[in-house]
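Structure assessment
What follows is each chain in one-letter form.
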Amino acid sequence: MLKFPKSAALAVLALTAFASPSLAEGDIDAGEKVFKKCRACHAVGDGAKHKVGPELNDIFGRTAGGAEGYKYSKAMIAAGEEGLVWDADSLTEYLTKPKAMIKGTKMAFAGLKKDDDIENILAYLKSFSTEQAAAAEPAPETASEAEPVETAAAAPDAEEPATEMAMAVEASQGAYGLGRKAMPDEIAAWDIDIRPDGTGLPDGKGTVAEGEPIYAESCAVCHGDFGEGAGRWPVLAGGQGTLLKERPVKTIGSYWPYLSTVFDYVRRAMPFGNARSLSDDDVYALTAYLMYLNDIVEDEEFELSKQNFTVMRLPNEANFIADDRLSEPHYAKGEEPCMSDCKPGPVQITARAQVIDVTPDGDGDESSGGGID
Amino acid sequence: MVDRTDTKQAQQTASRRSFLKAGLMGGAAVAAGTGVARAAGDPLITEIQDWNRYLGEGVDVAPYGKPSEFEADVVRRSVPWLTADPVSSINFTPLHELDGIITPNGLCFERHHGGTATIAPADHRLMIHGLVDTPLVFTMEDLKRFPRENRVYFLECAANGGMEWRGSQLNGCQFTHGMIHCVVYTGVPLRYLLEEAGVKTTGKWLLAEGADAAAMTRSIPMEKALDDCLVAFKMNGEALRPEQGYPLRLCVPGWEGNMWVKWLRRLEIGDAPWAQREETSKYTDLLAGGKARRHTWVMDVKSVITSPSPQAPVTHGKGPLVITGLAWSGSGTIKRVDVTIDGGRTWQTARIDGPSLPKALHRFYLDINWDGSELLLQSRAIDDQGLVQPTKNELRAARGENSIYHNNGIQTWHVNNDGVVENVEVS
């Protein structure tokens, strides 16, 4: 009984110490964690290739827009031609607010908000740059281990201590008395789901015309200018009338039953790699724009809001039915299965995987397969 | 002391030579059929081997142990063309290399929609709110003070086999059936947590949400939540692996894997389902007529022969052959597994070995004497509700080929005279 709280407290201490090193020079390991925010779009390290964004090896000293074989925005190329070379200062500016520094950059990323994160990610990226002369790296482990106490103190805005202090803890009334009462602000922070009947919709509004530039900036790199999907990224528009075809294209317009799902999903999970970065008005505008791309509304001035949301219907709503698998003949007949003489003559092979050969390590055609969705 | 290295070197050279020799002789023995006695004897027996003379590594060389270096091929694999990005992708359990019913933690297939979230247990919270008497927040420490249970369950992705609807495509049981694993979970029955918060009588549905970058959500009917759902923090005795939702995941036994929300942070009680993306755009089953089934939660009765299979060919020639595989049903236990070696003309009942637990994998064996002729292997499972695993053609007749999910059709492997195995379909 005594042992557990003690070791838990120690664990908290240790975690705080590692999680927020207040190093002026930045911590490579912490930077590696921050890089998770970039990983959907960028690769770095051995064999890194261009993804949605360019690979980031040797970014220190690279002329902006200078990675070979990557198709940059015009704005990025122009910045490079005007002499922008990536160093700690320019990267800090760019990563804080990409679009404020380079208007028209196609990097769909809102920016890093914490100074620590920027310092750490720069240290991390620098470890993949040969031009490392400038700052001799401090050994990160020793530094972060040395001052755990000061770290906690030096970060008054760190969430852990702040919430701890503010919390008037009310215990659970249940049989075990475990847990504590959730506070209204906490519930509001996490409860962002929306139902088809409109329950959960926040106040706000946005028009098709307002959604267009947000979409172009934050979504089109992956989903294509018209929602057609770039490469293998998901298709968001079109496909009407394909549900009976051999390769149905299931989109918001052709398949989804409810508009609430669009709002809910974009707000919780998009843009991919930078979730929860859109304002509620942005999400209304984007939802309106996705309706427009799917020919559900035609007027660019159409405004979607909390008020008119539930009036909107998606075309395929009526085509969803309950699970009736058990009424399928093979289950419904409920017969004992045949054990002998079950087929008339010798059995013939009718299809073979080797003909298609899309198994990894085979060298077959890559795109013939169905999907897992 | 001085000539010890020399001796060791000499010994090593000798054993390398004998190794080559053994290799040659081994080959010859196979070519000549089995059981031919060699005059000189098997050098692996007659000569002293390195591992029999020199000391091996001591304890603590690997504080967390790893499989033998000779098992380096036993890994999860992915199909790169399936998805746009590894952050929202899937890989597959190497079923063809495994036996028994428990999947080792490091081999459990991975599927996530926004990468693996990294969450320190001290920073994790589980919130219950909505139609409850008292909305509650639990820490991991709180959760570990509720009474715990241990239960063995399979988890299968509803899209397991989804690439095979239009015909046999992937040549390996890992790829056709590897979106499944089965482990023993330790956790708290969800019912205890719901009772602690006090679900109102109007509370008929539950929304489970993850803390990852996809904030994965699924609606679950209250009946199921109160029945056998588990909020788990351990798998096979140790903490959940990060890719399986560390520090906390929901278990929804027998139901599609997507509902087993990982990094579980929120449970909302409501009076209607939420129609989230993963229960509308995805995980709905499009039928031939254009209608789509929704809320197809239960994983149907299913089985597959894991060996022989394309990645596990028969290398030993004629004679005794162990045919083995897995069977499972989201409705309960497996009552019987039948195996055919002639493509379904005649069937024999296989032997189920090991525990038979509801909503868990079952291991079956059929021990035959292979005469070296071609085989068309299939297995057919029957569960304790009497549901019989259908053929792929029966499924296509009922649903068309665009359903993606819930493909539980009977799998056929063709074994040729050399023991090479291929994924095929038969008349």
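As the structure is a computational prediction, the values presented were derived from the model and not from experiment.

Residues and elements named next belong to chain A. Taken together, the side chains of Glu210, Glu212, Asp225, Glu228, Asp281, Asp299, Glu300, Glu301 and Glu303 present a region of like negative charge at the surface. The topology assignment puts Glu303 in strand E3 (residues 303-305). Judged by its relative accessible area of 34%, Glu303 is partly exposed.

Next up on the list: the packing of aromatic side chains. Tallied over the full model, the rule gives 21 aromatic pairs over all chains. Ring centres of Tyr289(A) and Tyr292(A) lie 6.1 Å apart, and the angle between their planes is 25°; on these two criteria the pair is classed as stacked. Of the two residues, Tyr289(A) and Tyr292(A) are both situated in helix H14 (residues 280-293); the distance of three residues between them amounts to about one turn of the helix. Members of the aromatic cluster, joined through ring pairs, are Tyr176(A), Phe138(B), Phe146(B) and Tyr192(B). Across from the ring centre of Tyr255(A), 4.9 Å away, lies the NZ or CZ of Lys250(A), which sits over that ring.

With that out of the way, let us pick up the interface of chain A and chain B. Taken together, the contact between chain A and chain B spans 95 residues of the former and 112 residues of the latter. Both sides together, the interface formed by chain A and chain B hides about 8900 Å², and carbon and sulfur atoms give 54% of it. For the interface between chain A and chain B, the tally reads eleven salt bridges. The shortest N-O distance in the salt bridge between Arg293(B) and Asp324(A) comes to 2.4 Å. Our enumeration of links across chain A and chain B arrives at 54 residue pairs in polar contact (both at pLDDT 80 or more). For the side of chain A that touches chain B, the secondary-structure elements that each account for two or more residues are helix H1 (3-19), strand E1 (180-181), helix H10 (184-190), helix H13 (259-269), strand E4 (320-321), helix H15 (329-332), strand E5 (349-352) and helix H16 (353-356) of chain A.

This paragraph deals with the sheet that holds strand E15 (residues 292-293) of chain B. Here we have three strands laid out as an open sheet, ordered E4(A)-E15(B)-E14(B), and mixed in their pairing. On the outer flanks of this sheet lie E4 of chain A together with strand E14 (285-286) of chain B, each paired with one strand and no other.

Moving on, we come to the state of the cysteines. Two cysteines whose sulfur atoms are joined by a covalent bond form what is called a disulfide. The full count for this structure, using the stated rule, is one disulfide over all chains. Bridging Cys338(A) to Cys342(A), the disulfide has an S-S length of 2.1 Å. Residues Cys338(A) and Cys342(A) are joined by a disulfide whose S-S torsion is about -95°; by sign, that bridge is left-handed. Left unpaired, Cys229(B) is separated from the closest cysteine sulfur, that of Cys251(B), by 8.3 Å.

Moving on to the nonpolar core. Formed by 100 residues in total, the largest nonpolar core has its most connected members in Tyr185(B), Leu190(B), Leu193(B), Leu206(B) and Leu264(B). Not counting residues up to four positions away in its chain, the partners in contact with Leu193(B) are Leu126(B), Ile128(B), Phe138(B), Leu143(B), Phe146(B), Val188(B) and Val231(B). Core analysis: the second largest hydrophobic core is formed by 45 residues, Leu201(A), Ile214(A), Cys219(A) and Tyr289(A) among them.

Parameters and conventions
- Residues numbered from 1 in each chain as written.
- Chains lettered and ligands numbered in written order.
- Predicted model: local features only at pLDDT ≥ 70, side-chain atom pairs only at ≥ 80, totals over all residues.
- Heavy atoms only, no water.
- Patch = residues over 30% accessible without salt bridge, like charges linked within 9 Å, V, L, I, M, F, W, Y side chains within 5 Å.
- Areas by Shrake-Rupley, 256 points an atom, 1.4 Å probe, with all protein chains shown as cover.
- Salt bridge = Lys/Arg side-chain N within 4 Å of Asp/Glu carboxyl O.
- Lys, Arg positive; Asp, Glu negative; His and termini not counted.
- Charge placed at Lys NZ, Arg CZ, Asp CG, Glu CD.
- Helix = DSSP H or I, 4+ residues; strand = E, 2+ residues; numbered from the N terminus.
- Buried < 20%, exposed > 50% of the residue type's maximum accessible area, 1.4 Å probe, protein only.
- Phe/Tyr/Trp six-rings, centres within 6.5 Å; stacked < 30°, edge-to-face > 60°.
- Lys NZ or Arg CZ within 6 Å of the ring centre and 35° of its normal.
- Contact = heavy atoms within 4.5 Å.
- Buried area = accessible area lost by both parts, 1.4 Å probe.
- Polar contact = N/O pair within 3.5 Å; in protein donor to acceptor, adjacent residues only side chain to side chain.
- Pairing = 2+ DSSP bridges.
- Disulfide = S-S within 2.5 Å.
- Core = buried A, V, L, I, M, F, W, Y, C linked by side-chain atoms within 4.5 Å.

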